[in-house]
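# Close look at the chain arrangement
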Amino acid sequence: MTTSSNQEVWTVFKRLMVYIKPLKGVFFLAVVGLVLYGLVDMTFIAIIKPFIDGGFGGQASQIPSAASGIDLGTSDGFNSSSNVLTMAPFVVIGLFTLRGLANFLSTYCVSYMSARLIMDMRQQVFDHYLTLPVSYMDRENTGSLISRVTYDTEQIARATGSALISIVRDSITVIGMLVVMFYYSWKLSLCILIIGPIIGLIITVVSRRFRKISKRIQTAMGGVTTATEQMITGHKNVLSFGGQKTESQRFGVVNEQNRYQTMKLAMAQSVSQPLVMVIGSFALAFVLYAASLESLQSELTAGTFATILGAMLALLNPIKSLTRVNAEFQRGIAACTTVFELLDIEPETDNGTHTVDRVKGELSFNNVSFSYPGQEGLALDKIDFSVKQGQTIALVGRSGSGKSTIASLITRFYTGLSEGEIQLDGININDYTIKCLRSQVALVSQQVTLFNDSIANNIAYAYSGEATPEQIMEAARSAHAMEFIDQLPEGMDTQIGENGVMLSGGQRQRIAIARAILRNSPVLILDEATSALDTESEKAIQQGLDNLRLNRTSIVIAHRLSTIESADMILVIDQGKVVERGNHASLLEQGGVYSNLYQMQFGS
């Protein structure tokens, strides 16, 4: 398990270095600053011996006495001690100035790298979302997807930021202090060889614990984000149904899960740090004990003992920091694993090579059967129809009968037909590139998506080229949207809020229809495009929709049969099958499903 964990860390770390590679210059400066910082600390401890032995009268074993007849007050000894003490303040100031510059260089460079890394990784995750198939997005909850972009990437930045600073700088400090200790007295320093492996074992065990808990915290954070997003999205419904207590309890559960996992991490961290300190104290105690032995006293000077003692005390803080930052590092590794697993998900397949500026719009379904991933039953069963250029075909039926599935297959939101094929201008739609295929289709769905921007920018959203104000106004006029836009204080420049919250449902759909009109695609899909309109608004834009359908292949999905009476062909869908087909008049004469639906809506 340890080998597997180490391989996982190493694999993740190597992949993470790909993001650092473009910043290798900054990375090099950061490492130089961190190493210099550690070396300054080591140097400061190392010069304690000459300061004490040379600055305060020489080595203890060589202190002259009156009985020996040597003059204690010779000018040479005094001048030597005086020179050392005179130089000491300047050396200390120089070292700490160098330490400060090294700290600034390393901290700034690491912060720069972290900011760039989190920006690049967030952009990559966001861009990857744009390429993922609709089937994947359907399976995942929104909160977890948002958490990948926000929380997980933030953990990675912290791992490459403060964790990198501590790991490199404190590791250099530890190594430097060990070098100083063994250089001055290898006998006193032998205890480190016993204590070191024990501390290493503790850190290894705790690291696995940190990483395991960190993955659970990420999952818990996804739950927090999901609960918050659902409450905000459905805020009106929550208030209208009096669901404040329900939502508060729901959030309380996921919030408690997050707290519980965070405290488990804190517990492991809190136990590991004191444990490492206690074990380190044994090494310190051994040094103090060994220094009292007569066999070692003859080899030690005051400066040597003070240097080793100072080095051991200086070791405790970086070891403590390494243990503490290990938690952040493991959280970063866990977050890296989650993000990289997401990035490894295959984008929607696009094996098509055929491109064309504009198709005629002749669409045909040839005995198409389809089932959704993970579902056994067929959503569509041998659907067969064709639509010529400029014709309108309407799909009617109960909810869940398969009407919207047909529309989704045209745009290749779902692929993998059980049998049959879909053709556009006689060419299998899988042979088109996705970009080309979707540029031929304008979609107006019952779930209108608008952006927190102006009305004009929402109408011109993703328009190929640059839409002029005149084109935008003409599209709005054709969709009968100018009737309410003219009444707004800022007109086309009015900010409509997130998902058009400042507009009514009917107004939002008119904006969506105007967007489709401006797109001017040869194939038009209207999926319940008038479902949110009142009768007066529906009649107002019906002529605009009729104009929109001119010379375009139109697939209209509707519950309101009044909107499809002029369709060239009407298909009645039930449980994924076409049970009736014909125009409005012929279907009424049949007295079947369509006739019954019509009588239910109009009473005769």
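Residues numbered from 1 in each chain as written. Predicted model: local features only at pLDDT ≥ 70, side-chain atom pairs only at ≥ 80, totals over all residues. Heavy atoms only, no water.

Identification of the protein as Lipid A export permease/ATP-binding protein MsbA from Shewanella hanedai is taken from an unreviewed UniProt entry. Heading Subcellular location (unreviewed entry) of the UniProt record for the protein holds this comment: "Cell membrane". (UniProt positions renumbered as here; feature names shortened; annotations may be inferred.)

### Structural notes on the environment of Glu362
Topologically, Glu362 is positioned in the loop between α13 (302–343) and β1 (363–370). Sequence separation between Glu362 and Asp425 is 63 residues, and the spatial gap between their C-alpha atoms is 4.8 Å. Sequence-distant contacts of Glu362, defined by excluding residues within four places in its chain, comprise Val387, Lys388, Gln389, Gln423, Leu424, Asp425, Gly426 and Thr553. (Helix = DSSP H or I, 4+ residues; strand = E, 2+ residues; numbered from the N terminus. Contact = heavy atoms within 4.5 Å.)

### Digging into the environment of Gln447
Relative to the elements of secondary structure, Gln447 occurs in the loop between β6 (441–444) and α16 (455–459). A sequence separation of 65 residues divides Gln447 from Ala512, and the C-alpha atoms of the two residues are 9.9 Å apart.

### Considering the pattern of salt bridges
For the structure on display, the rule yields 14 salt bridges. Ionic pairing is found between Asp152 and Arg148, a salt bridge with its closest N-O pair at 3.6 Å. Of this pair, Asp152 and Arg148 both sit in helix α6 (residues 142–160), separated by four residues, roughly a single helical turn. Residue Asp152 is classed as buried on the basis of its relative accessible area, which comes to 0%. (Salt bridge = Lys/Arg side-chain N within 4 Å of Asp/Glu carboxyl O. Buried < 20%, exposed > 50% of the residue type's maximum accessible area, 1.4 Å probe, protein only.)

### Overview of the sheet that holds β1
Pairing within the open sheet is antiparallel, and its four strands lie in the order β2-β1-β4-β5. Where the open sheet ends on each side, the last strands, each with one partner, are β2 (380–387) and β5 (427–428). Running over the sheet, helix α14 (residues 403–410) touches β1, β2 and β4 (419–424) and is turned about 115° from β1. (Pairing = 2+ DSSP bridges. Axes fitted to C-alpha atoms, helices over the stretch in contact; angles between N-to-C directions.)

### Thoughts on the packing of helix α17 (residues 469–478) against helix α19 (residues 505–519)
At their nearest, the axes of α17 and α19 sit 8 Å apart, and the two run at 125° to each other. By the criterion of interaxial angle, the relationship of α17 to α19 is oblique. Considering how the two elements wind past one another, α17 and α19 form a crossing that is right-handed. Of the residues in α19, those touching α17 at Gln471, Ile472, Ala475, Ala476 and Ser478 are Ala514, Ile517 and Leu518. Taken together, the residues that form the contact of α17 with α19 break down as six nonpolar, two polar and no charged. (Parallel < 35°, antiparallel > 145°, perpendicular 65-115°, else oblique. Left-handed = near helix turned anticlockwise from the far one by under 90°. Nonpolar A, V, L, I, M, F, W, Y, C, P; charged D, E, K, R; others polar.)

### A few points about the UniProt feature "transmembrane region" (unreviewed entry) in the protein
According to UniProt, the "transmembrane region" (unreviewed entry) feature falls on residues 25–48, 87–113, 167–186, 192–210, 274–292 and 298–316. Within residues 87–113, the helical portion is 100% and the strand portion 0%, while the C-alpha atoms at the span's ends are 39 Å from each other. In this annotation, residues 167–186 is assigned 95% helix and 0% strand; the end-to-end C-alpha distance for the span is 26 Å.

### A few points about the sheet that holds strand β3 (residues 392–396)
Strand order in the open sheet made by the six strands is β6-β7-β8-β3-β9-β10, with mixed pairing throughout. The sheet terminates laterally at β6 and β10 (577–582), the two strands that pair on one side only. Going across the sheet, the axis of each strand differs from the next one's by a mean of 15°, ignoring polarity. Bridging between β6 and strand β7 (residues 523–527) involves four bridges; their strand directions are parallel. By the bridge assignment for β7, Leu443 is matched with Ile525. Each of β3, β7, β8 (553–557) and β9 (569–574) touches α14; the most contacted strand, β8, lies at about 150° to it.

### Things to note about the environment of Met312
Residue position: Met312 is located in helix α13. With relative accessibility at 4%, the residue Met312 sits in the buried group. Residues Met312 and Val180, 132 residues apart in the sequence, show an inter-C-alpha distance of 10.0 Å.

### A closer look at unusual backbone geometry
Negative phi values dominate among residues other than glycine, just as trans dominates among peptide bonds. Positive phi, close to 60°, is recorded for His480, a residue that is not glycine. Within the secondary structure, His480 is located in the loop between α17 and α18 (482–485). A relative accessible area of 21% means that His480 is categorised as partly exposed. Non-glycine residue Gln575 carries a positive phi angle of around 50°. Gln575 sits in the exposed class, given a relative accessible area of 61%.

### Digging into the confidence of the model for the protein
On average, residues of the protein score 80 in pLDDT, and 84% of them are at 70 or above. Averaged over each element, pLDDT in the protein is lowest for helix α12 (residues 294–297) (65) and highest for β5 (94). Predicted confidence is poor over residues 57–75, with pLDDT under 50, and the contacts of this stretch with residues over four places away or in other chains come to nine contacts. (pLDDT = per-residue confidence, 0-100.)

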